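# Remarks on the overall topology
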Amino acid sequence: MLKRLITTRLYHSSPEEVVKYSQEYGIPVSHEQAAMILSFIKKEKIDPFSEKDRLRTFKFIQQNIGTAEAKQAYQLLYQLAKQYQLDDLL
């Protein structure tokens with residue numbers, strides 16, 4: 001149930017929300033980059049709970065935005081998962 005809720009929320013995120021959160025967490029992402037990431041996630045039907053899909057997404061970010069941003073996004077995901085006690089789902 002929780003996985004479905006999180007996945008649904010991810011698929012219904014807007015580029016504006018991604019930019020807002022990126023600024024909040026210090027990972028610079030433009031509106032165009034956020035739209036590109038969300039398009040990739042939706043097109044590729046990324047499952048955020050699949051390690052393979054997460055790695056594909058971080059590789060996409062690395063290739064299209066930058067290595068530093070991909071590393072920051074990776075670290076942030078695991079930091080947030082641990083903070084909300086969801087790390088066992090990853």
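Residues numbered from 1 in each chain as written. Predicted model: local features only at pLDDT ≥ 70, side-chain atom pairs only at ≥ 80, totals over all residues. Heavy atoms only, no water.

### Here we look at the overall build of the protein
Within the protein, the regular secondary structure consists of five helices and zero strands. Mapped from its N terminus to its C terminus, the protein presents α and β elements in the order α-α-α-α-α. In terms of overall dimensions, the protein is globule-like: its C-alpha atoms have a radius of gyration of 12 Å, near the 12 Å expected for 90 residues. Overall size of the protein, expressed as C-alpha extent along the three principal axes, is 30 × 25 × 25 Å. Split into buried and exposed, the 90 residues of the protein put 31% on the buried side. Long-range contacts, defined as pairs at least 24 residues apart, comprise 49% of the intrachain contacts of the protein with a sequence gap of at least 6. By element, 55% of the accessible surface of the protein is carried by carbon and sulfur atoms, the whole surface being about 6200 Å². Here the protein holds 13 positive side-chain charges and 11 negative ones, and the gap between their average locations is 5 Å. (Helix = DSSP H or I, 4+ residues; strand = E, 2+ residues; numbered from the N terminus. Rg over C-alpha atoms; globule rule 2.2 N^0.38 Å. Buried < 20%, exposed > 50% of the residue type's maximum accessible area, 1.4 Å probe, protein only. Contact = heavy atoms within 4.5 Å. Areas by Shrake-Rupley, 256 points an atom, 1.4 Å probe, with all protein chains shown as cover. Lys, Arg positive; Asp, Glu negative; His and termini not counted. Charge placed at Lys NZ, Arg CZ, Asp CG, Glu CD.)

### Digging into the packing of helix H4 (residues 51–64) against helix H5 (residues 67–83)
Look at H4 against H5: their axes get within 7 Å of each other, and the N-to-C directions meet at 150°. Between H4 and H5 the crossing geometry is right-handed. Of the residues in H5, those in contact with Arg54, Phe58, Ile61 and Gln62 of H4 are Thr67, Glu69, Ala70, Ala73, Tyr74, Leu77 and Tyr78. Looking at the contact of H4 with H5 residue by residue, the class counts come to seven nonpolar, two polar and two charged. (Axes fitted to C-alpha atoms, helices over the stretch in contact; angles between N-to-C directions. Left-handed = near helix turned anticlockwise from the far one by under 90°. Nonpolar A, V, L, I, M, F, W, Y, C, P; charged D, E, K, R; others polar.)

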